[in-house]
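Listed below, chain by chain, are the residues.
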Amino acid sequence: MVSHFGKEPMATEEEPKRKSKLNLSIPNHILSIDPYSPGKPLEELEREYGIVDSIKLASNENPLGPSPKAITAILAAAEKLNRYPDGSGRRLIEKISEYHSVRPSNIVLGNGSDEIISMLTRTFLQYGDEVILPKPTFLMYDILARGAGATPVYVPLKSLSIDLKRIERKITAGSKMIFINNPNNPTGTSVLRKDFENFLSRVPESIIAVVDEAYIDFARDKNGLDSIDYLDSGKAVVTLRTFSKVHGLAGLRIGYGIMPDEISEHLNRLRQPFNTNSLAQVAAIAALDDKVFFEKTIHLIHEELDYLYDSLNRAGIKYFPTQTNFFLVDVKKSANGVYERMLKEGIIVRSMASYGFPRYIRVNVGLHDENMRFLTALKKVI
Ligand SMILES: *Cc1c(COP(=O)(O)O)cnc(C)c1O
């Protein structure tokens, strides 16, 4: 909706209430975008539903909080907030370069990995270019591809997994970019290394394969893909990673991409000089050093997933095993209805109705007590 300043215009019989006085012509590709609706903040839901002490299991966040080393680094750096950040993010880039054994020139930092997606679509796509994406997957690929005027081409999942064979068959002379979410949000499935190798051998060099690995640290399948291994494959592979999930820094907005120099050098033309802030830069360095917190997080998620699987099995509730910190549950009735009733129990989950799964909810793993409360509420509600 177009916003306007000053007083709300008077509604008359003839004029629709929200009719804009501004004579804007909005490009059709912008009008075609379905805005992303993030989960509502806890405080808002508690007020709306008159509940207290609710639990949010809807945004795949780290239930343990942020990395403690990151918090210490942020407090120390706060003293210098009068200064602009290091626009090149040199220290963080060096740290990531050591962490993954890649060259600094391969790394681009973003205000969340979402910003890297945005830079990729704005740098490489022109009006009418085709972008191939699985359906359903993370909604930002569609939004940002459309934002650049590109045409999304959807490829349905096969048994909840990304279907690389079918993606390959959708490639045309107009294809410029392919999005692969490994593991995939919202289904939790990994791409297998051997399937990716087959796929990559057939993809033209001119197409950028963006592999978003926001959840890869949680994956337990040993045959799963780690796309950083294909940085020097001679194909245009871009890996996306984030500090928002396993490191617990979602509120800080910091992520990065790893890519061939021929891609990073063009992204850097468009990148805003201070796109990542100084607190985020020092916190991310500290988080990569915080092995204890990292291990604690992975251990919690795996142990609690096993507990949840076991409890759901006993209750006869169908779910889909995951390689991430969230999973789908088949509630066998309206997911929107279950979402509403879970809210009244003080548990926030995601209905998957808008993702094309009207009977599935997505829930992320919380602390043990939270998972127990989730199970009790779910059994009551369904
Ligand atoms: C959470 C998430 C991200 C992380 O985005 P940031 O902008 O780094 O917070 C990226 N991709 C997927 C699929 C996600 O679910």
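This report concerns the structure included in the present document. No experiment lies behind these values; they were computed from the predicted model shown. (Residues numbered from 1 in each chain as written. Predicted model: local features only at pLDDT ≥ 70, side-chain atom pairs only at ≥ 80, totals over all residues. Heavy atoms only, no water.)

**Some points on the layout of surface pockets**
Quick note on the threshold: Here a cavity is any set of points on a 1 Å grid over the protein atoms alone where a 1.4 Å probe fits but cannot get out, and a pocket is any open set with protein on both sides within 12 Å along at least 5 of 7 lines; a residue lines the site when it has an atom within 4 Å of a point. Grid points are joined across faces, edges and corners, and a volume is the space filled by probe spheres set on the points. Strands here are runs of E lasting at least two residues and helices are runs of H or I lasting at least four, both read from the DSSP assignment and numbered beginning at the N terminus. Residues are grouped as follows: Ala, Val, Leu, Ile, Met, Phe, Trp, Tyr, Cys and Pro are nonpolar; Asp, Glu, Lys and Arg are charged; every other residue, Gly included, is polar. Throughout the structure description, domain borders are defined by an automatic or database domain assignment.
Roughly 710 Å³ of internal volume is contained in the largest pocket. Elements supplying a minimum of two residues to the lining of the largest pocket: strand S3 (130–135), helix H6 (140–147), helix H12 (335–344) and strand S12 (350–351). Counted by class, the lining of the largest pocket contains 16 nonpolar, 8 polar and 7 charged residues. Inspection of the lining of the largest pocket shows a minimum of three residues originating in each of domain 1 (42–61 + 292–381) and domain 2 (68–289). Put simply, the second largest pocket is a space of about 490 Å³. Around the second largest pocket, the lining comprises 29 residues; the ones closest to its centre are Tyr36, Ser59, Asp114, Phe138 and Lys245. Counting residues per element, the ones that place at least two in the lining of the second largest pocket are helix H5 (113–124) and H6. Shared between two domains, the lining of the second largest pocket takes at least three residues from each, and those domains are domain 1 (42–61 + 292–381) and domain 2 (68–289).

**What to know about the pattern of salt bridges**
Note the threshold: Criterion for a salt bridge: a side-chain nitrogen of Lys or Arg within 4 Å of a carboxyl oxygen of Asp or Glu. Think of it in three bands: residues with accessible area under 20% of the maximum for their type are buried, residues over 50% are exposed, and the middle band is partly exposed, with areas taken using a 1.4 Å probe on protein chains only.
Applying the stated rule across the entire model yields 16 salt bridges. Residues glutamate 345 and lysine 380 are paired through a salt bridge, measuring 3.0 Å at the closest nitrogen-oxygen approach. Of this pair, glutamate 345 sits in the loop between H12 and strand S11 (347–348) while lysine 380 sits in helix H13 (residues 368–381); the two residues are 35 residues apart in sequence, bridging distant segments of the chain. Judged by relative accessible area, which is 29%, glutamate 345 ranks as partly exposed. Residues joined in a network through salt bridges with shared partners are Glu213, Asp226 and Arg241.

**Some remarks on a nonpolar patch on the surface**
Our working definition: Within this analysis, patches are made of residues with over 30% relative accessible area and no salt bridge. Like charges are joined at 9 Å or less; nonpolar side chains (Val, Leu, Ile, Met, Phe, Trp, Tyr) at 5 Å or less. Surface exposure here means Shrake-Rupley accessible area, sampled with a 1.4 Å probe, where a residue is shielded only by the protein chains that are shown.
Together, Leu22, Leu24, Ile26, Ile30 and Leu31 make up a nonpolar patch on the protein surface, roughly 440 Å² of accessible area in all. Mapped onto the elements of the fold, leucine 24 is located in the segment before helix H1 (28–31).

**Notes on the sheet that holds strand S4 (residues 151–156)**
We apply this condition: By the convention used here, strands pair only if DSSP detects at least 2 bridges between them. Lines fitted to C-alpha atoms define the axes, with helix axes restricted to the stretch in contact, and inter-axis angles between N-to-C directions lie between 0 and 180 degrees. Contact criterion: two residues are considered in contact whenever any of their non-hydrogen atoms come within 4.5 Å of each other.
Taken together, 7 strands build an open sheet; the order of strands is S2-S8-S7-S6-S5-S3-S4 and the sheet is mixed. With partners counted over all chains shown, the strands left at the sheet margins are strand S2 (107–110) and S4, one partner each. Taking each pair of neighbouring strands and ignoring which way they run, the sheet shows an average axis angle of 20°. Relative to strand S6 (residues 208–212), strand S5 (residues 175–181) runs parallel, the two being bridged by 5 bridges. Along S6, the bridge assignment pairs methionine 177 with isoleucine 208. Relative to the sheet, helix H4 (residues 90–100) contacts S2, strand S7 (237–242) and strand S8 (255–258), its axis offset from that of S2 by approximately 125°. Here H6 sits on the sheet in contact with S3, S4, S5 and S6, set at roughly 155° to S4.

**Topic: the pairing of strand S10 (residues 326–330)**
The side chains of a regular strand alternate, first on one face of the sheet and then on the other. Burial analysis of S10 places 5 of its 5 residues in the buried class, the great majority of the element. As paired elements, strand S9 (residues 318–320) and S10 share 3 bridges and run antiparallel to each other. In the sheet register, tyrosine 319 faces S10, and the bridge partner there is valine 329. In this structure, the hairpin formed by S9 and S10 is closed by a connection of 5 residues. As defined by bridge partners, S10 adjoins strand S13 (residues 360–364) across 5 bridges and the pair is classed as antiparallel.

**Topic: the site of the ligand**
For clarity, the threshold we go by: A cutoff of 4 Å decides nearness: a residue is near a molecule or strand if any of its heavy atoms lies inside that distance of it. Whenever a nitrogen or oxygen atom comes within 3.5 Å of another N or O atom, the pair is scored as a polar contact, on the condition that within protein one atom can donate a hydrogen and the other can accept it, and that pairs from neighbouring residues in sequence are kept only if both atoms are in side chains. Cavity and pocket membership follows a simple rule, namely that a molecule belongs there if more than half of its atoms are within 2 Å of the grid points.
Residues in close proximity to the ligand total 14 residues, the closest being Asp212, Tyr215, Thr242, Ser244 and Lys245. Here an oxygen atom of the ligand and a side-chain polar atom of asparagine 185 are 2.9 Å apart. Note that a nitrogen atom of the ligand is positioned 2.6 Å from one of the side-chain N or O atoms of aspartate 212. Contact with the protein chains covers 94% of the free accessible surface of the ligand, which is 390 Å². Among the detected pockets, the ligand sits in the second largest pocket. A breakdown of the residues in the shell around the ligand according to their chemical character gives 4 nonpolar, 6 polar and 4 charged.

**Side note on the nonpolar core**
Operational definition: Here the nonpolar core consists of buried residues drawn from Ala, Val, Leu, Ile, Met, Phe, Trp, Tyr and Cys, with membership extended through side-chain atoms lying within 4.5 Å.
Counting residues in each nonpolar core, the largest one holds 38 residues, and the members touching the most others are Phe327, Val329, Met342, Ile347, Ile361, Phe374 and Leu378. The dominant element in this core, judged by the number of residues it contributes, is helix H11 (residues 291–315), at 8 residues. In terms of domain composition, this core takes at least three residues from each of domain 1 (42–61 + 292–381) and domain 2 (68–289). Beyond its immediate stretch of four places on either side in the chain, phenylalanine 374 contacts Leu57, Leu308, Met342, Ile347, Val349, Ile361 and Val363. Core analysis: the second largest hydrophobic core is formed by 26 residues, Leu120, Leu133, Ala150 and Leu240 among them.

**Remarks on the packing of aromatic side chains**
Between two aromatic rings, the relevant description is the distance of the centres plus the angle of the planes. Applicable threshold: Working definition: a ring pair exists when centres of Phe, Tyr or Trp rings (six-membered ring for Trp) sit within 6.5 Å. Plane angles under 30 degrees give stacked, over 60 give edge-to-face, the rest tilted. Ring-over charges, as used throughout, are those where CZ of Arg or NZ of Lys falls within 6 Å of the ring centre and within 35 degrees of the ring normal.
For the structure on display, the rule yields 13 aromatic pairs. Seen in terms of ring centroids, phenylalanine 196 and phenylalanine 199 are 6.0 Å apart; in terms of plane orientation they differ by 40°. Their pairing is tilted. Taken together, the residues span about one helical turn, with phenylalanine 196 and phenylalanine 199 both in helix H8 (residues 193–202) at a distance of 3 residues. Each member of the pair, phenylalanine 196 as well as phenylalanine 199, is classed as buried. Between the aromatic rings of phenylalanine 243 and tyrosine 256, the centroid separation amounts to 5.7 Å while the plane-to-plane angle is 50°, which identifies the pairing as tilted. Of this pair, phenylalanine 243 sits in the loop between S7 and S8 while tyrosine 256 is found in strand S8, placing the two residues 13 residues apart along the sequence. Grouping residues by exposure puts phenylalanine 243 and tyrosine 256 together as buried. The cationic tip of lysine 135 hangs over the ring face of tyrosine 154; the distance from NZ or CZ to the ring centre is 4.2 Å. Across the ring face of phenylalanine 326, the terminal group of arginine 362 is positioned such that the distance to the ring centre comes to 5.5 Å.

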